[in-house]
Amino acid sequence: MNEGTSPGHDDTEPSVNRRSILRTAGLLTAGMGLQGLDAETAHSSVVDSPAPQGATMIGVPFERHSTVRIGIIGLGHRGGGMIDLFLALPGVRVVALCDPVQDKVAKAAAKVESAGWPAPAVYTKGEDDFRNLCRRDDLDFVYVATPWESHFEMARTAMLSGKHVGVECPIAVEIGQLWDLVDVSETTRKHCMQLENCCYDRTEMRVLRMAHGGVFGELVHGAGAYIHDLRHGLFSDHYEGGWRRRWHTRMRGNLYPTHGFGPVANYMDINRGDRAVRITTLGSAALGLSAYRKEHVPVSDPSWKETYIESDMTISLVQTARGRLIRLEHDVSNPHPYSRVNILGGTKGVFEDYPPRIYVEPDMANGVWGDFAKYDRWDHWLWKKYPNPPGSSDGMDYLMLLRLVQCMRLGLPPDFDVYDAATWASPLPLSNASLKQGGVPQSIPDFTRGRWMNHRSGVDSEEPQEDRS
């Protein structure tokens with residue numbers, strides 16, 4: 001790729017020493033008053049955490065695998081598409097498939113055979129047949145792409161069966177479930193990951209490296225969102241049996257926080273030098289789905305028996321231990337162009353997405369936005385090595401899976417772990433609790449049990465030497 005330069009910045013890559021200095025300075029500041037948060041608030045949840053049942057999974061590498069053997073649970077819209085990417089990756093074999101809808105399994109199995117692999121084992125005997133898939137002794141990793149309410153039990157079962165597991169968003173829907181996944185990961189020594197593809201988008205990865213390189217100065221605030229007009233899909237067969245629409249009858253909070261929270265958490269080194277301490281949420285009235293139903297859905301449709309309570313727009317504010325502020329938004333019920341908002345601001349300037357634009361000193365002045373495209377030299381090595389990745393979601397799905405498989409083949413720790421998964425998913429139940437209490441702040445558990453202050457690598461990784469070509 002062409003690595004252009006931009007005025008006002010050194011052409012060299014940010015060094016590890018510079019990143020260490022930036023983190024150390026921030027932690028010293030955090031220790032001297034936590035930038036407006038008292039130390040007791042920042043550290044209290046360590047005391048409140050359940051007693052650990054096993055050693056931490058922070059920094060624990062995968063076992064090396066010459067071939068990564070995959071089992072897939074859920075072959076609907078998401079799982080049925082992701083199998084194509086698994087089959088496109090070198091060093092991967094899809095061994096087993098599970099879905100109660102036999103036609104979906106048959107279609108996916110045909111893809112495996114067309115790719116030149118033996119026919120996979122199939123599990124189609126009801127909602128619990130996933131347990132039999134997990135019991136197999138020829139699987140290294142289980143991928144879960146099913147309705148949200150089943151994610152927790154499937155992830156838990158996979159780990160208890162001796163498998164690493166990756167789950168589509170959100171990994172679980174209750175705080176107790178999140179703690180349980182942390183405990184099971186620690187006791188089984190198996191990784192449990194929230195497969196958050198937006199962390200691998202080119203823009204997010206570039207902003208991440210710029211943030212760690214000091215381009216924005218000391219970080220002050222960020223924002224992320226899932227704003228996506230899903231009205232047609234929610235009232236169609238896109239979500240089989242209307243499972244996703246029914247969540248709008250159960251909760252009022254942010255039902256899908258990780259697309260926005262995950263990348264901003266990476267920018268701010270959440271669980272790697274800072275931590276999310278508390279969240280408060282407000283929500284609008286629930287009007288959008290009812291209005292759409294009245295206009296587009298016949299009265300004979302079963303959805304007319306449903307009452308929607310989920311706020312059309314929820315806005316959450318997350319405070320971190322270092323005094324930073326993160327805004328999270330969720331709206332899938334109203335007309336709006338797709339947006340993850342994706343904002344990061346600091347003492348030297350700000351990035352705002354949709355469309356991407358930047359304003360940092362000394363590169364810009366007089367209140368005129370700059371051209372973010374000129375900062376392509378900050379692209380993550382994955383995007384430099386694979387500038388045109390195949391597949392859906394602008395290539396970020398493929399790079400997420402490629403990096404996962406690379407870590408498993410080389411015996412590296414994953415880019416994110418069960419502590420990140422639990423933290424990123426926690427706004428779902430906590431935003432709902434805050435809304436039910438009129439916006440009262442809710443404490444976010446410290447799932448790391450006090451290890452959040454320790455520096456460790458994450459998505460902003462270095463290319464492995466032995467995998468360079």
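Quick summary incoming for the structure in this document. Given the structure is predicted, the values throughout are model-derived calculations rather than measurements.

## Some points on the sheet that holds strand β7 (residues 219-227)
At step 1: Ordered by their spatial adjacency, eight strands build an open sheet running β13-β12-β11-β7-β10-β9-β8-β14, and the pairing between neighbours is mixed. In this open sheet, the two edge strands, each paired with only one partner strand, are β13 (357-360) and β14 (442-443).

## Observations concerning the sheet that holds strand β2 (residues 92-98)
At step 1: Taken in spatial order, the six strands make up an open sheet running β3-β2-β1-β4-β5-β6, and their pairing is parallel. Each edge of the open sheet is held by one strand with a lone partner, namely β3 (121-123) and β6 (192-194). Direction aside, neighbouring strands of the sheet carry axes that sit 25° apart on average.
At step 2: Two elements, strand β5 (residues 164-167) and β6, share three bridges in a ladder whose sense is parallel. If you follow V165 over to β6, its bridge partner there is C192.
At step 3: This element, helix α6 (residues 151-160), spans β1 (68-73), β4 (141-144), β5 and β6 of the sheet and lies at about 165° to β5.

## Details of unusual backbone geometry
At step 1: A cis amide bond, omega 0°, links Y354 with the succeeding residue P355.
At step 2: Residue position: P355 is located in the loop between β12 (349-352) and β13.
At step 3: Positive phi, normally seen in glycine, also occurs at N271, with a value near 70°.
At step 4: Summarising the element assignment, N271 is placed in the loop between α11 (258-267) and β8 (276-283).
At step 5: Given the relative accessible area of 2%, N271 is considered buried.
At step 6: Non-glycine residue R449 carries a positive phi angle of around 55°.
At step 7: Summarising the element assignment, R449 is placed in the segment after β14.

Criteria and cut-off values
- Residues numbered from 1 in each chain as written.
- Predicted model: local features only at pLDDT ≥ 70, side-chain atom pairs only at ≥ 80, totals over all residues.
- Heavy atoms only, no water.
- Pairing = 2+ DSSP bridges.
- Helix = DSSP H or I, 4+ residues; strand = E, 2+ residues; numbered from the N terminus.
- Axes fitted to C-alpha atoms, helices over the stretch in contact; angles between N-to-C directions.
- Contact = heavy atoms within 4.5 Å.
- Buried < 20%, exposed > 50% of the residue type's maximum accessible area, 1.4 Å probe, protein only.

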